[in-house]
Amino acid sequence: MSEELQQRRTAPDYIVSVLREAIYEGSLADGAILNQVAVAEHFGVSRVPVREAMRQLQAEGLLSAEAHRRPVVRGLTLERVLEIFDLRAMVEGYLVEKATPHIDDQLIARLEELVERMHEPLDHGRWLALNAEFHQTLYEPSDAVTALELAGQMRGRAERYLRLWSAGRGVDRNAEATREHERILDYVRNRDAAAARREVEQHILHTRDEVVRMYRNRPKPAPATSA
């Protein structure tokens, strides 16, 4: 592959990954307008890869796709966020059920190590990183590429609102979630795929319930003051 073609293939992917992460982290707020010229100048590329990146983000539902308008970061209502959690429960339940027969002793030992580390006193960011690694390690033996991609995208979108609605603190249920990881691992260790699926589904729905509480108690914006 020529260097020019490599650049054409990788530039949109890189721009997508950077903008997606900015949206997930909240650096690009709901309603933020993306100017293709400004984005192209920021990344030092032409508008062609930027347009390709915008189309990808629109396909993922992260940007609006209205004709003849600049792309806008799409905001989600509580109902949409809860729908994401319901879909996550179905997709990740499917993944663990499909993966369980293919998880060997070496992988189980790796999962046990991750759970043990999650019991340690950790800041929330570090715990989240271990949590993501646990789930990714658990699901990878499924070889269900599309489902893995969907799970990753939905997890990122959901965590965006967890951070926003909790003023950056996230869901404060690390100890409970780690115990749920242990139960999931017990079923996987016993090769009980159906039970592992049920436990994963409940694990995600418990977080969904916490999201409702966080939304109701979320920090309210300060009232506008007149000059």
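Since we're looking at a predicted model, the values are computed, not measured. In this numbering scheme, every chain counts its residues from 1 along its sequence in written order. Per-residue local features of the predicted model are confined to residues with pLDDT of at least 70, and side-chain atom pairs are confined, for both listing and counting, to 80 or more; whole-chain, interface and lining totals are unaffected and use all residues. Excluding hydrogens and water, the side-chain figures rest on all heavy atoms present in the structure.

K.L.:
I tried to follow the nonpolar core on my own but got confused; where do I start?
P.N.:
Nonpolar side chains tend to gather and get buried jointly when the protein is soluble and globular. For this analysis, a nonpolar core means a set of buried residues of the types Ala, Val, Leu, Ile, Met, Phe, Trp, Tyr and Cys, connected via side-chain atoms within 4.5 Å. Each residue's exposure class comes from its accessible area (1.4 Å probe, protein chains only) as a fraction of the maximum for that residue type: buried when under 20%, exposed when over 50%, partly exposed otherwise. By size, the foremost hydrophobic cluster in this structure holds 41 residues, and its most contacted members are Leu95 and Leu138. Under the scheme used here, helices are H or I runs from DSSP no shorter than 4 residues and strands are E runs no shorter than 2 residues, and both carry numbers assigned from the N terminus. At the level of elements, α4 (78–99), α5 (105–118), α6 (124–139), α7 (145–165), α8 (174–189) and α9 (193–216) are the ones that each hand at least two residues to this core. The element contributing the most residues to this core is α4, with ten residues. Counting 18 residues, the second-largest nonpolar core is a separate cluster that includes Val16, Ile23, Ala53 and Leu57.

K.L.:
How do you make sense of the pattern of salt bridges when you look at a structure like this?
P.N.:
Think of it this way: side chains of opposite charge can pair up when their charged atoms draw near. A carboxyl oxygen of Asp or Glu within 4 Å of a side-chain nitrogen of Lys or Arg is what we treat as a salt bridge. Counted according to the given criterion, the structure contains 13 salt bridges. Asp86 serves as the salt-bridge partner of Arg208, at 2.7 Å between the closest nitrogen and oxygen. Of this pair, Arg208 sits in helix α9 while Asp86 is found in helix α4, placing the two residues 122 residues apart along the sequence. Classification of Asp86 as partly exposed rests on a relative accessible area of 33%. The salt bridge partner of Glu210 is Arg213, with a shortest N-O separation of 2.5 Å.

K.L.:
I keep staring at the environment of Gly75 and nothing clicks. Help me out?
P.N.:
Within the element layout of this structure, Gly75 appears in the loop between α3 (47–59) and α4. Distance in space between the C-alpha atoms of Gly75 and Ser64 is 9.4 Å, their sequence separation being eleven residues. Beyond its immediate sequence surroundings of up to four residues, Gly75 is in contact with Asp30 and Tyr161. Should any heavy atoms of two residues lie within 4.5 Å, those residues are counted as being in contact.

Take it as geometry only, folks, not as evidence of what the structure does.
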